[in-house]
Amino acid sequence: QVQLQESGPGLVKPSETLSLTCAVSGYSISSGYYWGWIRQPPGKGLEWIGSIYHSGSTSYNPSLKSRVTISVDTSKNQLSLKLSSVTAADTAVYYCAREGRLTLVRGVLNWFDPWGQGTLVTVSS
Amino acid sequence: QSVLTQPPSVSAAPGQKVTISCSGSSSNIGNNYVSWYQQLPGTAPKLLIYENDKRPSGIPDRFSGSKSGTSATLGITGLQTGDEADYYCGTWDSSLSAGRVFGGGTKLTVL
């Protein structure tokens with residue numbers, strides 16, 4: 001059974017860098033799939049942040065691209081998220097998830113499953 | 001503002017049926033597959049439907065998905081109080097450089 005667990009500081013000061021780690025168990029990251037980060041501001045909807053392929057290639061939400069870095073450490077079977085120059089607007093629950101993606105004749109099929117339990121990050125001085 | 005449009009809320013009585021819509025465009029729903037997620041209060045989202053209408057193992061057949069043109073619909077029959085949750089649609093948007101998009105979410109209240 002694949003399980004994901006986010007960890008990192010729950011409080012980050014404005015203008016600093018948010019750093020989170022997602023530990024994966026039950027599946028080797030290097031075996032395949034994409035691995036993504038999604039966030040949810042309090043009381044709001046889901047926002048995709050970015051994803052990394054098991055080979056290391058990344059794709060980011062254009063609205064966050066200039067501030068985001070996602071990486072994988074296959075030796076530890078974990079992925080990481082760094083978001084720089086944070087503001088109060090970056091306060092959210094941050095989730096990591098395994099992402100499946102297939103390009104089929106009738107279009108792109110993608111889904112996120114499973115998800116980690118999420119970790120709340122508050123940006124405040 | 002989400003690329004995909006969902007009603008903010010829907011409600012129905014226990015035992016009844018409810019549908020939740022997800023409206024998009026030709027660059028997303030119209031030419032790609034849709035997935036649906038259930039987020040129970042205080043928990044992480046869970047995959048409910050993928051590839052428009054397929055259910056992962058363990059998801060009861062009370063949940064169904066469909067797609068027509070640039071819209072998708074999640075259906076839930078035999079409503080239970082435990083179905084009270086937020087529901088999100090998701091898909092790929094071919095007009096965006098990175099593609100993954102979600103709807104704004106719909107809160108289901110079981111009266």
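Quick note: structure is the one above.
Engineer: Just give me the short version of the overall build of chain B, but keep the residues and values in it.
Structural biologist: Summing up its helical and strand segments, chain B has zero helices and nine strands in all. Secondary structure elements in chain B, listed N-terminal to C-terminal, are β-β-β-β-β-β-β-β-β. The C-alpha radius of gyration computed for chain B amounts to 13 Å, which stays within 12% of the reference 13 Å derived for 111 residues, consistent with globular compactness. Taken over the C-alpha atoms alone, chain B extends approximately 40 × 25 × 25 Å along its principal axes.

Engineer: Quick one: what's the story with the nonpolar core, residue by residue and with numbers?
Structural biologist: Generally speaking, a soluble globular protein has its nonpolar side chains buried in company with each other. With 25 residues, the main nonpolar core has A:L18, A:V24, A:W37, A:V68, A:L81 and A:Y94 as its most contacted residues. Of all the secondary-structure elements, those providing two or more residues to this core are β3 (18–25), β4 (34–40), β5 (47–53), β7 (68–73), β8 (78–83), β9 (92–104) and β11 (119–123) of chain A. By residue number, the principal contributor to this core is β3(A), which donates four residues. Excluding anything up to four places from it in sequence, A:L18 contacts A:V12, A:L81, A:K82, A:L83, A:V86, A:Y94 and A:V121. Among the nonpolar cores identified, the runner-up in size contains 23 residues, and B:V10, B:I59, B:I76 and B:Y87 belong to it.

Engineer: Any details on the interface of chain B and chain A? Residues and values, ideally.
Structural biologist: Taken together, the contact between chain B and chain A spans 20 residues of the former and 26 residues of the latter. Between chain B and chain A the total buried area reaches about 2000 Å² when both faces are included, carbon and sulfur atoms providing 62% of it. Ranking the residues of chain B by area buried against chain A places B:Y33, B:R100 and B:F102 at the top, with a combined share of 36%. Counting across the interface, chain B meets chain A through one salt bridge.

Engineer: A description of the side chain of A:E99 should follow, citing residues and the corresponding values.
Structural biologist: With respect to the helices and strands, the residue A:E99 is situated in strand β9. Its relative accessible area of 0% is what places A:E99 among the buried residues. For A:E99, the side chain forms a polar contact with the side chain of A:S51, separated by 2.7 Å. With residues up to four places along the chain from it excluded, the contact list for A:E99 reads A:Y33, A:Y34, A:W35, A:S51, A:N110, A:W111, A:F112 and B:R100.

Engineer: Mind laying out the layout of surface pockets, listing which residues take part and the relevant values?
Structural biologist: Of the volumes computed, that of the largest pocket is approximately 500 Å³. Around the largest pocket sit 18 residues that line it, and A:L46, A:E47, A:N61, B:Q1 and B:S2 are the ones nearest its centre. For the lining of the largest pocket, the secondary structure elements donating two or more residues are β5 of chain A together with β8 (100–102) of chain B. The element best represented in the lining of the largest pocket is β8(B), accounting for three residues. By residue class, the composition of the lining of the largest pocket is nine nonpolar, six polar and three charged. The volume enclosed by the second largest pocket comes to roughly 300 Å³. Around the second largest pocket, the lining is made up of 20 residues, and of these A:Q40, B:Q39, B:G42, B:T43 and B:D86 lie nearest the centre. Among the secondary structure elements, those contributing two or more residues to the lining of the second largest pocket are β9 of chain A together with β7 (85–92) of chain B. With three residues, β7(B) is the single largest residue contributor to the lining of the second largest pocket. Looking at the lining of the second largest pocket residue by residue, the classes come out as eight nonpolar, nine polar and three charged.

Engineer: Tell me about the state of the cysteines, and please be specific about residues and values.
Structural biologist: Residues and elements named next belong to chain A. In total, this model carries two disulfides over all chains according to the counting rule given. Two residues share a disulfide in this structure: C22 and C96, whose sulfurs sit 2.1 Å from each other. One quick way to see it: the torsion about the S-S bond of C22 and C96 is about 70°, and its sign makes the bridge right-handed. With C22 in strand β3 and C96 in strand β9, the pair connects residues that are 74 residues apart, well separated along the chain. Each member of the pair, C22 together with C96, is buried.

Engineer: Just give me the short version of the sheet that holds strand β2 (residues 18–23) of chain B, but keep the residues and values in it.
Structural biologist: Residues and elements named next belong to chain B. The sheet built from three strands is open, its strands ordered β2-β6-β5 with antiparallel pairing. Either end of the sheet is taken by a strand with one partner, and the two such strands are β2 and β5 (63–68). Each neighbouring strand pair of the sheet contributes to a mean axis angle of 20°, computed without reference to strand direction. Pairing analysis gives six bridges linking β2 to strand β6 (residues 71–76), with the strands arranged antiparallel. Among the inter-strand pairings, V18 is bridged to a residue of β6, identified as I76.

About the cut-offs
- Throughout, residues of each chain are indexed from 1 in the direction in which the sequence is written.
- Chains carry letters from A onward and ligands carry numbers from 1 onward, assigned in written order.
- Thresholds applied to this predicted model are a pLDDT of at least 70 for local features of residues and 80 or more for the giving and counting of side-chain atom pairs; totals over whole chains, interfaces and linings are not thresholded and use all residues.
- Computation of side-chain values: all heavy atoms of the structure, hydrogens and water removed.
- Note on conventions: DSSP H or I runs of at least 4 residues are helices, E runs of at least 2 residues are strands, and numbering of each starts at the N terminus.
- Here the radius of gyration uses the C-alpha set of atoms, whereas the globule reference equals 2.2 Å times the residue count to the power 0.38.
- Throughout, nonpolar core names a set of buried Ala, Val, Leu, Ile, Met, Phe, Trp, Tyr and Cys residues whose side chains join them through atoms within 4.5 Å.
- Using a 1.4 Å probe on the protein chains alone, a residue whose accessible area is under 20% of its type maximum counts as buried, one over 50% counts as exposed, and one in between counts as partly exposed.
- By definition in these notes, contact holds between two residues if any of their heavy atoms fall within 4.5 Å.
- A 1.4 Å probe defines the accessible area here, and the buried area is the portion of it lost by two parts on being joined, summed over both.
- What counts as a salt bridge is simple: a side-chain nitrogen of Lys or Arg found within 4 Å of a carboxyl oxygen of Asp or Glu.
- Pairing of N or O atoms within 3.5 Å defines a polar contact, subject to two protein rules: one partner must be a possible hydrogen donor and the other a possible acceptor, and residues neighboring in sequence count only if both atoms are side-chain atoms.
- A pocket here means an open set of points on a 1 Å grid, computed over the protein atoms alone, that has protein on both sides within 12 Å along at least five of seven lines. A cavity is instead a set of points where a 1.4 Å probe fits but cannot get out; residues with an atom within 4 Å of a point line either one.
- Grid points are joined across faces, edges and corners, and a volume is the space filled by probe spheres set on the points.
- Put simply, Ala, Val, Leu, Ile, Met, Phe, Trp, Tyr, Cys and Pro go in the nonpolar bin, Asp, Glu, Lys and Arg in the charged bin, and everything else, Gly too, in the polar bin.
- Throughout, a disulfide means two cysteine sulfur atoms within 2.5 Å of one another.
- A pair of strands is labelled paired if DSSP reports no fewer than 2 bridges between them.
- Only the contacting stretch of a helix is used when fitting its axis, a line to C-alpha atoms as for every element, and angles between N-to-C directions run 0 to 180 degrees.

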